[in-house]
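Chain residues, written in single-letter form:
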Amino acid sequence: MSFPGKVAVMGGGSWATALAKLLLNNCDSIIWYMRRDDRIDEFRRMGHNPAYLSDVAFDVSRIEFSSDINYVCQKADTILLVMPSPYFKSHMAKISVDLSDKFVVSAVKGIVPDDNEIISDYMQRVYGVKPERMLVVSGPCHAEEVAMGRLSYLTVGCGNESHAGMFASLLGGKAMHTITSTDVAGIEYAAVLKNVYAIAAGIVHGLKSGDNFQAMLVSNAIREMERFIDTVCPRPRQICDSVYLGDLLVTSYSRFSRNHNFGSMIGRGYSVKNARMEMEQTAEGYFGTKCIYEINRSHYGVPMAILDGVYDILYRGAKPSEAIKLMSETFV
């Protein structure tokens, strides 16, 4: 089978919708898995996703919708995973199709809870996906701005550089520049960590600690990210590249960042429980914080004052102002 073949989008949220729009700029058609038939019916009737990015119009004649995940996986050659990480495992558990001969692309900016694995490792271990057929997509892109056609940059990572380049060509366009990389694991860990640090940035914003302090937080966060990634998956990389630093910056500062907004509510006095209830979409950093904390504590022991402080706030009931002050004592 030649790559990429028939591409399937797995997920119905805002990021899935934005990526589907990019694909349809370069593909004749796609398959699109959504779990709810009522949403599919509305999409077909209205010509747009009824629940997310509803201003983005689609030619639905070029989309084969299905709520049958096994049908979609059987028919597709390349499977683009765009589910929120907390629900990833439950979706994947429905699949009985052999995926070992498929190409799999993860646009999941999270980690598999409980298993504490990045998506590429999980897909290789559980579903037998070969490393050269496993790709990741990440970068400083909010779905809302991609949908508005604003100039954006995405990185496609794969151990096989040719495969990374071919899939990047499916996403690229006038407003979407693409970059390729072979640092699959580093990209995935960065995508998890930037959500954790965006929660910290949001807490600082909610506490009204000021722009000066927030700049110190973010500059120390990129150092912390580099320490962890270089320990877990050592290899040459430039941490200032857009897929690392750029994604951290946009997630820490943008009004579209659900992780920043989640943290901001906590900084303003919301309990963690109430802040989660107020969120209309998943703040992946809530789950990522626990996963990375446990991975680091069990295996690596990297000094991570910001991660530890966010963990204490989210899972141990620490007072935000006190936890932030404690982590700030390590800043340089």
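The structure this text deals with has already been given above.
Conventions adopted
- Residues numbered from 1 in each chain as written.
- Predicted model: local features only at pLDDT ≥ 70, side-chain atom pairs only at ≥ 80, totals over all residues.
- Heavy atoms only, no water.
- Salt bridge = Lys/Arg side-chain N within 4 Å of Asp/Glu carboxyl O.
- Axes fitted to C-alpha atoms, helices over the stretch in contact; angles between N-to-C directions.
- Helix = DSSP H or I, 4+ residues; strand = E, 2+ residues; numbered from the N terminus.
- Parallel < 35°, antiparallel > 145°, perpendicular 65-115°, else oblique.
- Contact = heavy atoms within 4.5 Å.
- Nonpolar A, V, L, I, M, F, W, Y, C, P; charged D, E, K, R; others polar.
- Left-handed = near helix turned anticlockwise from the far one by under 90°.
- Pairing = 2+ DSSP bridges.
- Buried < 20%, exposed > 50% of the residue type's maximum accessible area, 1.4 Å probe, protein only.
- Phe/Tyr/Trp six-rings, centres within 6.5 Å; stacked < 30°, edge-to-face > 60°.

Engineer: Hey, could you run me through the pattern of salt bridges in this one?
Structural biologist: Think of it this way: side chains of opposite charge can pair up when their charged atoms draw near. Taken as a whole and assessed by the stated rule, the structure comprises 14 salt bridges. Bridged by salt links that share partners, the residues Lys89, Asp115, Glu117 and Arg125 form one connected network.

Engineer: Please clarify how the packing of helix α9 (residues 211-232) against helix α14 (residues 305-316) should be interpreted in this entry.
Structural biologist: When two helices pack together, their arrangement is given by the angle between the helix axes and the distance between those axes. Closest axis-to-axis distance for the α9/α14 pair is 9 Å, and the angle between their directions is 110°. Between α9 and α14, the crossing angle belongs to the class labelled roughly perpendicular. Across the interface between the two elements, Leu217, Asn220, Ala221 and Glu224 from α9 touch Ala305, Ile306 and Leu307 from α14. Counted by class, the contact of α9 with α14 contains five nonpolar, one polar and one charged residues.

Engineer: Help me out: how do you make sense of the packing of helix α8 (residues 184-206) against helix α10 (residues 242-253) in this one?
Structural biologist: Two elements in contact, α8 and α10, have axes separated by 8 Å at closest approach and are oriented at 25°. With respect to their mutual orientation, α8 and α10 come out roughly parallel. The two elements α8 and α10 cross, and the hand of that crossing is right-handed. In this structure, α8 uses Gly186, Ile187, Ala190, Lys194, Asn195, Tyr197, Ala198 and Ala201 to contact α10, whose residues at the interface are Val243, Tyr244, Asp247, Leu248, Thr251 and Ser252. Taken together, the residues of the contact of α8 with α10 break down into eight nonpolar, four polar and two charged.

Engineer: I keep staring at the sheet that holds strand β3 (residues 63-66) and nothing clicks. Help me out?
Structural biologist: The pairing of strands in a sheet comes from backbone hydrogen bonds and takes either a parallel or an antiparallel form. The eight strands lie next to each other as β3-β2-β1-β4-β5-β8-β9-β10, forming an open sheet whose pairing is mixed. In the strand order of this sheet, the two ends are held by β3 and β10 (176-181), each with one partner. Ignoring strand direction, the axes of neighbouring strands in this sheet form an average angle of 20°. In this fold helix α7 (residues 161-171) packs onto β1 (7-10), β4 (78-81), β5 (103-106), β8 (134-138), β9 (152-158) and β10, with an angle of close to 150° to the strand it touches most, β9.

Engineer: Explain the environment of Ser181 here, please?
Structural biologist: For Ser181, the location among the structural elements is in strand β10. Accessibility expressed as a relative area gives 18% for Ser181, which makes it buried. Along the primary structure Ser181 and Ala164 are separated by 17 residues, whereas in three dimensions their C-alpha atoms are 7.3 Å apart. Ignoring sequence-local partners within four residues, the contact set of Ser181 consists of Thr155, Val156, Gly157, Cys158, Ala164 and Ile187.

Engineer: Quick question: what am I supposed to make of the packing of aromatic side chains here?
Structural biologist: Aromatic rings considered in pairs are described by the distance between their centres and by the relative angle of their planes. All chains considered together, the criterion is met by 17 aromatic pairs. Each ring, one from Phe3 and one from Phe103, has its centre 4.3 Å from the other, and the planes form 45°; the classification is tilted. One end of the pair, Phe3, is in the segment before β1; the other, Phe103, is in strand β5, with 100 residues separating them in the sequence. You'll find Phe3 and Phe103 in the same group, each marked buried. Ring centres 5.8 Å apart and planes at 25° place the aromatic pair Trp32 and Phe65 in the stacked group. Taken together, the residues Trp32 in strand β2 (residues 30-33) and Phe65 in strand β3 connect sequence positions 33 residues apart.

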